[in-house]
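# A look at the structure
Here is how the chains run, residue by residue.
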Amino acid sequence: MIYSHEVEHMCVVAKGANHASAPIPQEGKWTRAKEIKDINGLTHGIGWCAPKQGACKLTLNVKEGIIQEALVETIGCSGMTHSAAMASEILPGKTLLEALNTDLVCDAINTAMRELFLQIVYGRTQSAFSEGGLPIGAGLEDLGKGLRSQVGTMFGTLAKGTRFLEMAEGYCTRMALDADNEVIGYEFIHLGKFMDMVKKGVDANEALEKAKGTYGRFKDAVKYIDPRNE
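Residues numbered from 1 in each chain as written. Predicted model: local features only at pLDDT ≥ 70, side-chain atom pairs only at ≥ 80, totals over all residues. Heavy atoms only, no water.

### Quick look at the packing of aromatic side chains
The following threshold applies: Classification of ring pairs uses Phe, Tyr and Trp, with its six-membered ring standing for Trp, and accepts pairs whose centres are within 6.5 Å; under 30 degrees between planes counts as stacked, over 60 as edge-to-face, and the remaining range as tilted. For a Lys NZ or an Arg CZ to count as sitting over a ring, it must be within 6 Å of the ring centre and within 35 degrees of the ring normal.
By the definition in use, this model includes five aromatic pairs. Here a set of aromatic residues connected by ring pairs shows up, and it is made of Phe164, Tyr186, Phe188 and Tyr215. Cation over ring: Arg174 sits above Tyr224, and NZ or CZ is 4.8 Å from the ring centre. One residue, Arg228, lies across the ring of Tyr171, its end atom 3.7 Å from the ring centre.

### Quick look at the environment of Pro92
Just so we agree on the cut-off: Helix and strand definitions here come from DSSP, where helices need a minimum of 4 consecutive H or I residues and strands a minimum of 2 consecutive E residues; each element is numbered from the N-terminal end. We call two residues contacting when some pair of their heavy atoms lies within 4.5 Å.
Its place among the elements puts Pro92 in the loop between helix 2 (78-90) and helix 3 (96-100). Separated by 11 residues in the primary sequence, Pro92 and Thr81 have C-alpha atoms spaced 18 Å apart. Filtering out sequence-adjacent residues up to four positions away, Pro92 remains in contact with Ile67, Gln68, Ala70 and Ala87.

### Overview of the pairing of strand 8 (residues 170-177)
The cut-off we apply is this: Note on classification: 1.4 Å probe, protein chains only; a residue is buried when its accessible area is under 20% of the maximum for its type, exposed when over 50%, partly exposed between these limits. Being paired, for any two strands, means DSSP has found at least two bridges between them.
Burial analysis of strand 8 places six of its eight residues in the buried class, the great majority of the element. Linking strand 7 (residues 161-167) back to strand 8 in an antiparallel pair, the connection comprises two residues. Of the pairings in the sheet, the one linking strand 8 to strand 9 (residues 183-189) comprises six bridges and is antiparallel in character. Across the sheet, Tyr171 pairs through a bridge with Ile189, a residue of strand 9. Taking the residues between adjacent antiparallel strands as the criterion, strand 8 and strand 9 are bridged by five residues, where Asn181 takes a positive phi near 65°.

### Regarding the layout of surface pockets
Stated formally: Points on a 1 Å grid over protein atoms alone make up a cavity when a 1.4 Å probe fits among them but cannot get out, and a pocket when they form an open set with protein on both sides within 12 Å along at least five of seven lines; lining residues each have an atom within 4 Å of a point. Grid points are joined across faces, edges and corners, and a volume is the space filled by probe spheres set on the points. As a working rule, the residues Ala, Val, Leu, Ile, Met, Phe, Trp, Tyr, Cys and Pro are called nonpolar, Asp, Glu, Lys and Arg charged, and the rest polar, with Gly in that last group.
Taken as a whole, the largest pocket encloses approximately 210 Å³ of empty space. Counting residues per element, the ones that place at least two in the lining of the largest pocket are strand 4 (55-63) and strand 5 (66-75). If you trace the second largest pocket, you find it lined by Ala70, Leu71, Val72, Glu73, Thr74, Thr81, Ala84, Ala85 and Ser88. In terms of residue count, the dominant contributor to the lining of the second largest pocket is strand 5 (five residues). Of the residues assigned to the lining of the second largest pocket, the class counts are five nonpolar, three polar and one charged.

### Description of the sheet that holds strand 3 (residues 41-48)
Note: strands within a sheet are paired through backbone hydrogen bonds, in either parallel or antiparallel orientation. Counted only if it meets this: Axis definition: a line fitted to C-alpha atoms, over the contacting stretch in the case of helices. Angles run 0 to 180 degrees between N-to-C directions.
Taken in spatial order, the three strands of this open sheet run 3-4-5, and their pairing is antiparallel. Both outer strands of the open sheet, strand 3 and strand 5, are each paired with one neighbouring strand and no more. Taken over all neighbouring pairs, the strand axes of this sheet differ in orientation by 15° on average, direction set aside. Contacts from helix 2 reach strand 4 and strand 5 within the one sheet, and its direction differs from that of strand 5 by about 175°. Lying on the sheet, helix 4 (residues 107-121) is in contact with strand 3, strand 4 and strand 5; it crosses strand 3 at an angle near 140°.

What follows is the structure in structure tokens.
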């Protein structure tokens, strides 16, 4: 280590204050993190790309500083889905520090990684007070049956009003309108359930009907419209 001439000729002043770092909550314990291997927890975070065209929700499950599980969800840009595929392969097995300094292919995923790093090392994880943390695979619980992301896709214009395209329940097929042309409900197809039935050999048309559901006062509608074609 090289010291400047000025420092070399300074006298030594004893260091009195030598307090340990503040403890952070991790998996039901208070820990004083000194090294990257001291970090544990599962948490979520979001990132965005420079042109603000797309976004990423990233979920990481970290044990002893190493990423054991990664859930990468993207929206808004077709290329991001391929970036997410690569990132899901890249992230597991890396330490948090390695992941922070690895090109995760997409700006939005890189930004999400940065935001997660801050949450995790400061003890702001979702599992901070969960004794023993969460098992590997816990990230999939956000997806529910069919393992599909919770996506809301809506479109509206001043001239023609709103269109419901996709809700948490699934792909919207019909919107229900009352006598004043106001939305009072909608019909949807739970695509995860639909695909599960088709994979089990159920006829596609039968599976489609079984996977349908409605929300609101759908049956009381005066008129039904296809949100994509009407």
